[in-house]
Every structure is written in C-alpha cells, then in structure tokens.
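Fold and geometry: a report
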Amino acid sequence: MGVDLRQVVAGILTITMFVMLGQMLHRDYFDSLQEKAQGDAHDIEFEGSRVSVKDSLVGALEGSKGPWMDDNNDLNPCWPTLLSDEAVSSKGYVTFSLTNGPEYHISQITDAVMVAKHLGATLVLPDIRGSKPGDERNFEDIYDADKLIKSLEKVIKVVKQLPEEVSLRDMAIIKVPTRVTEDYIKENIDPIFKSKGNIQVATYFPSVNLRKSSQDGETDPVACLAMFGSLELQPELNAVVESMVERLRTHSRKLGGRFIAADLRIDLLEKKHCHSTGVVGSKTCYNAQEIALFLRKLGFAGDTTIYLTQPRWDSSLNILKDIFPKTFTKEAIFPASKKSKYLESESSEYENVIDFYISSRSDVFVPAISGLFYANIVGKRIALGKPQVLVPAEISETSGLATDFISPYISKKNHLAYSCFC
C-alpha cells in the first residue's frame, strides 16, 4: 500500500501547529501577574507565548557569536511637556519609608510623590528599612538625595528632615494602593490630611502587574517623573556598579563587551518549588541548568559572560558554569576596596540594589523568576533603550530564535513605561 505524500505533509503541519500553539500559550502566562499582597511578589506564575517582534523594535547583530540585539534609543520622556507650571504649595508634611528592596522603592517613591503633589504637601525624604528588625539606613546611604530634590522642585517641595516641632507619633498612617490616582487621593486621603495636617503613607501592592490598563487612561506626568526621572544611586555606590559592569564587559571583549544578567536566586527557587503550569514548555520558575540550556539553544556562544543575582556561588550553579565558563556572582567581580562596606555588610540591601542596577544595564536580561523585580527591570530597560529581555522557556527543538522569547511587556508594548515614553 503506497503512502500519500500529501497526507504525510498535512500530518507534519498539524503537529507543528499544535507545538506553536502550546508555545504561544506558555508565553502568555508570563506577565499575567496574579494579585498578591506586598512581600509575595515572587509567588507568581510565568506568562509566555511565542511573540514576533514588529515595527523594528529590536534588530539582531550579525557576526557577534550570539543573538545579540541593538539598543533602541528612539523613545524620549513624554512628561516634560505635560507637567503644569503651577506654583508648588506647601501645607503640611507627607512621610514614608522605603522597604523590601529596589523593585519596591520605585513604586513607593512614585506613590508618595503623587500623594504630596495632589495634597499640596511637603514630602520628607524617606528612611530605608531592610527585612530584618533594626535594619535601617538613611536615604542618602543608597540614593542621591540632591538629585531627587532637584528633579522634583517644580512639582513638590522635598525636605531631608521633619522640623523638630512636628512629631511622627501624631501622624495618621494611611495605606495607599500602588499606582494611586488623583481621584483616589482626593476621595480617601485628602479628608484625613485636612484633619491631621501631616500624614505617613505606606504603599501596599494589591497586584505587582505593571501592564498598561485601558482603565488607566493617560498616566499622570507627575507619576512618570517620579518613577523614571527622580531616583538615582548616590555617587559612590553608582561607581561600584559601573566598575562591576566594566569588569563584566572586559571579560566579554571578544563579544564586543556584551554580557547577560540573569535573576537567578537559589533561596527563591527553593521556596517556589518550580513546577509546570500545565501549558507546554511553561514553568513557574527555572533553575541553573534550564537557564543554561535555554541560552545555548538560542545561540549564545560558550564564551558569553553571564552575571547572576545569586548572592554567593552555590554548587547548583556549576552546570551553568560548565556550559558558560564566564559566569559570575558578585563577589568575583566586586571592587576589593569596597567589599567591606557594601558586600560584607550584615544587610543585603546594598547587594539587592547592585543586582537591580546591573540587571538594568546589561545587554540581555533573563528573569528565572517572575515578580516585581522582573517587572521594574523591564521598565528601567525601556527607559534606557535596552529591549532585550528574554523570558525563559523549555525549547523542545535543538534551537530557537531569541526574538520569539522577548518579554511580552516589550513585544506588545504594554508595560506602564510606554505611557511615559514616546
């Protein structure tokens, strides 16, 4: 009995269609971040789908031993032309604290600025509180206070300390949902502020989703300024980050100085117990071996330099180093003269901030775990014109295209940052 060639071809096409459909569903799980309370930002499943890159969003660099892509500097801040020239009034104080790491600090700063602006209040620079009791730092230990005050001077008045006659004990503490709006402030916060005169705000996170919403309308230009134009590292800490980035680029001279940053932290992987989501190729998180195979199948060369956010080297990372020998955790590339101050501190706050800013400046970012760290890194990279964020997946074939795994936040241009840059 002969074989009908048309039936064979039809069968192959049918199988291929189901494989592609499974991959599309996988990628569409990545950014559907479930609603979580503050502190649970990592208990979220990945979203994934094969997505095509349109409108020349990114372009591959040929002859560079890997699927590297050009930076895209076509976007500019929209908010300078939208900010009003209203005089800054001041009738009371708004205080707050930065907590839980740099991925939360961005939202906390933004919400506090929004509250102070729409109340006509003076904002007091926050302290920074770590995860351990008593772990507190001054704002200026990590961030550039003068830069923040200068950047916001046409919007609100910012002071470094409360006047002595104003006591924190007498302030009402108000919980504020992240991405707070002017309407919410007028309805829920303004009456308390008028009654008390001074307030302390604490941001909570009903969701860690940073996608644009059709319900949001246009993003408030004040929020855009606070989120993307006010927060910078203090000079010494920024110099540490620049030094580490330069060392990574030096290790990658043969590849044009390009390197990958991967957010892969063993303690979080152990807490999440990575498992399948039920969609082909989709998992809640990815370990070192899976990240290594993902990058290798995308065509990254064996001498590619990789930076990991894991605090110290762990034996479970050896498989990644076997495939990519130039894989480093921070202690291997940290400036020796600064280790005692920033790396050997009992607090992990400095290390978290360093991870965040190196991940923002790398040529490629790969999140092994979804959450607010990933979401805010994407926003920072959009602002910097660095769109190559590759969402991991299990690639069943022997190879894959990097452009099929660009974060949906970028490929679909649905990140909140696209409301602030045009």
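Residues numbered from 1 in each chain as written. Predicted model: local features only at pLDDT ≥ 70, side-chain atom pairs only at ≥ 80, totals over all residues. Heavy atoms only, no water.

This is how the line gets drawn: UniProt positions are given in the numbering used here, feature names are shortened, and annotations may be inferred rather than shown by experiment.
As annotated in an unreviewed UniProt entry, the chain carries the name O-fucosyltransferase family protein and is attributed to Brassica cretica. Of the comments in the UniProt record for the chain, the one headed Sequence similarities (unreviewed entry) reads "Belongs to the glycosyltransferase GT106 family."

Quick word on the packing of helix 7 (residues 235–251) against helix 12 (residues 349–361)
Operational definition: Angles here are taken between N-to-C directions and fall from 0 to 180 degrees, while the axes themselves are lines fitted to C-alpha atoms, restricted in helices to the stretch in contact. The helix count covers DSSP runs of H or I at least four residues long, the strand count covers runs of E at least two residues long, and both are numbered beginning at the N terminus. Geometric relationships in this document are graded by angle, where less than 35 degrees denotes roughly parallel, more than 145 denotes roughly antiparallel, 65 to 115 denotes roughly perpendicular, and other angles denote oblique. For any helix crossing, the convention is left-handed if the near helix is rotated counterclockwise from the far helix by under a right angle, and right-handed if that rotation is clockwise. Here, two residues are considered to be in contact whenever any of their heavy atoms come within 4.5 Å of each other. When residues are grouped by polarity, Ala, Val, Leu, Ile, Met, Phe, Trp, Tyr, Cys and Pro land in nonpolar, Asp, Glu, Lys and Arg in charged, and all others, Gly among them, in polar.
Between helix 7 and helix 12, the least distance of the axes is 10 Å, while the angle of their chain directions is 50 degrees. With respect to each other, helix 7 and helix 12 are oriented oblique. As for how helix 7 packs across helix 12, the hand of that crossing is right-handed. The segment helix 7 lies against helix 12, with L237, N238, V240, V241, E242, M244, V245, L248 and R249 engaging Y350, V353, I354, Y357, I358 and R361. Grouping the constituent residues of the contact of helix 7 with helix 12 by class yields eleven nonpolar, one polar and three charged.

Examining the pairing of strand 7 (residues 172–177)
Applied cut-off: Here, strands pair whenever DSSP counts at least two bridges between them. For the handedness criterion, the strands are oriented away from the viewer, and a crossover whose path from the first strand over the helix to the second runs clockwise is classed as right-handed.
As paired strands, strand 7 and strand 8 (residues 198–204) are joined by six bridges and run parallel to one another. Residue pairing in the sheet places I174 in a bridge with V201 of strand 8. Handedness of the crossover joining strand 7 and strand 8 through helix 5 (residues 182–196): right-handed.

Some thoughts on helix 6 (residues 221–228)
Convention followed: Here's how the labels work: a residue is buried when its accessible area is under 20% of the maximum for its type, exposed when over 50%, partly exposed in between, all with a 1.4 Å probe on protein chains only. In protein, a polar contact means a hydrogen-donor-capable atom and an acceptor-capable atom, both N or O and within 3.5 Å, with residues adjacent in sequence counting only if both atoms are side-chain atoms; elsewhere, any N or O pair within 3.5 Å suffices.
In terms of residue burial, helix 6 counts as a mostly covered element, since seven of its eight residues are buried. For helix 6, the set of buried residues is P221, V222, A223, C224, L225, A226 and M227. Contact partners of the buried residues in helix 6: helix 2 (102–119) and helix 4 (145–151). For helix 6, the capping residue at the N-terminal end is D220, with a side-chain oxygen 2.8 Å from the backbone nitrogen of V222.

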